Amino acid sequence: MDSNPNTTHRARRGPAARRSFAAVLLLAASLLPHTHPAMAAGVTLTISGNIGKFTNPSAHSYVFSEAEFNALPMREITTATDWTPKGTFRGPLLRELLAKVGAHGRQIKFYGEDNYNVTIPASDFSKYDVILARTWNNQPLQLNDFGPFWVMYPIQNMSTSETSGIFIAKLAWQVSRIEVK
C-alpha cells in the first residue's frame, strides 16, 4: 500500500467526490433561468393580426416551426450593416412569408426578444426584396447574436437617400413575433 496519504485519500474519495460535484452541478442548473419556450422546442415565429390562415385559430395566429420556416423558398442578401461586416443573410422574402399566412394589412409590426419593436409599411416588401433572415454566413442566428430572425433589406442595392435617416430602425433583430395591422 502506498504510504503517501494524498494518494490514498484521492483513491478512496474519487468517485464519491465526483458524484457530489455532479449533484452540485444539477442543483445549480435547476436554479438557472429556464430557456425561452420558443427556444426549448426549436425556433418558432408567430404571425398574428390581419391574417387569413391560422395554425392556432383561437389565438388568431400562425406559428411557424423552424422546420416549416426552413422549407420556405429562401433568398440571400450579401451586405454589411452598422453592426456586422459584409456577409450573406438568408431567409424568405417577407412578402412571400406574409402571403403564406394570408396577410392583408398596411402596417407590419415586428417584435424583438429584447423588447424592441418597429412598424414597417407593408409597401416596403413590394418595393424591396426584404427577407426575414434566419442565417448569417450559413450559421443560424442565435438569440445572443441578432437571432432568431432579422429583418434584412438589400442595402447594397439601395440608394443612400433610401438608407439614410431612420431607415436603420427597420433592421429589427431578435424577431420572434410579427403582427399585421
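Provided above is the structure to which this section pertains.
About the cut-offs
Residues numbered from 1 in each chain as written. Predicted model: local features only at pLDDT ≥ 70, side-chain atom pairs only at ≥ 80, totals over all residues. Heavy atoms only, no water. Helix = DSSP H or I, 4+ residues; strand = E, 2+ residues; numbered from the N terminus. Buried < 20%, exposed > 50% of the residue type's maximum accessible area, 1.4 Å probe, protein only. Contact = heavy atoms within 4.5 Å. Areas by Shrake-Rupley, 256 points an atom, 1.4 Å probe, with all protein chains shown as cover. Salt bridge = Lys/Arg side-chain N within 4 Å of Asp/Glu carboxyl O. Pairing = 2+ DSSP bridges. Axes fitted to C-alpha atoms, helices over the stretch in contact; angles between N-to-C directions. Core = buried A, V, L, I, M, F, W, Y, C linked by side-chain atoms within 4.5 Å.

A. Geometry of the overall build of the protein. Looking only at helices and strands, the protein has five helices and 11 strands in total. For the protein, the proportion of its 181 residues judged to be buried stands at 35%. Contacts in the protein between residues at least 24 apart in sequence constitute 60% of all its contacts with a sequence separation of at least 6. When the accessible surface of the protein is totalled, it reaches about 10600 Å², and 54% of it is carbon and sulfur.

B. Seen up close, the pattern of salt bridges. On inspection of all chains with the given rule, the structure shows five salt bridges. In this structure, the salt-bridge partner of aspartate 129 is arginine 95, at a minimum N-O distance of 2.4 Å. With aspartate 129 in the loop between α5 (124-127) and β7 (131-133) and arginine 95 in helix α4 (residues 94-100), the pair connects residues that are 34 residues apart, well separated along the chain. With a shortest N-O distance of 2.7 Å, aspartate 124 and lysine 170 are connected by a salt bridge.

C. Summary view of the sheet that holds strand β11 (residues 175-180). If you walk across this open sheet you meet the five strands as β2-β1-β11-β5-β6, and the pairing is mixed. Pairing within the sheet leaves two strands with one partner each, and these edge strands are β2 (61-65) and β6 (117-121). When strand polarity is set aside, the average angle formed by the axes of neighbouring strands in this sheet is 20°. Of the pairings in the sheet, the one linking strand β5 (residues 107-112) to β6 comprises five bridges and is antiparallel in character. The residue of β6 that forms the bridge with isoleucine 108 is isoleucine 120.

D. A look at the sheet that holds strand β3 (residues 75-79). Overall, antiparallel pairing links the four strands, which are arranged β3-β4-β8-β9 in an open sheet. The open sheet has two edge strands with one neighbour each: β3 and β9 (139-140). Relative to strand β4 (residues 87-91), β3 is paired through five bridges, and the arrangement is antiparallel. Across the sheet, the residue bridging to isoleucine 77 is phenylalanine 89, located in β4.

E. Spatial organisation of the nonpolar core. In this structure, Leu45, Leu97, Phe110, Leu132, Val151, Tyr153 and Ile178 are the most contacted members of the largest nonpolar core, which totals 43 residues. Elements supplying a minimum of two residues to this core: β1 (44-49), β2, α4, β5, β6, β7, β10 (150-152) and β11.

F. View of the environment of leucine 171. Within the secondary structure, leucine 171 is located in the loop between β10 and β11. When its relative accessible area of 5% is taken as the criterion, leucine 171 is described as buried. The spacing of leucine 171 and valine 130 is 41 residues in sequence and 9.9 Å in space, taken between C-alpha atoms.

G. Seen up close, the pairing of β4. Every second residue of β4 is oriented toward a common face, the buried set being Gly87, Phe89 and Gly91 and the non-buried set Thr88 and Arg90. Pairing geometry for β4 and strand β8 (residues 135-136), over two bridges, is antiparallel. Bridging from a neighbouring strand, phenylalanine 89 pairs with tryptophan 136 of β8.

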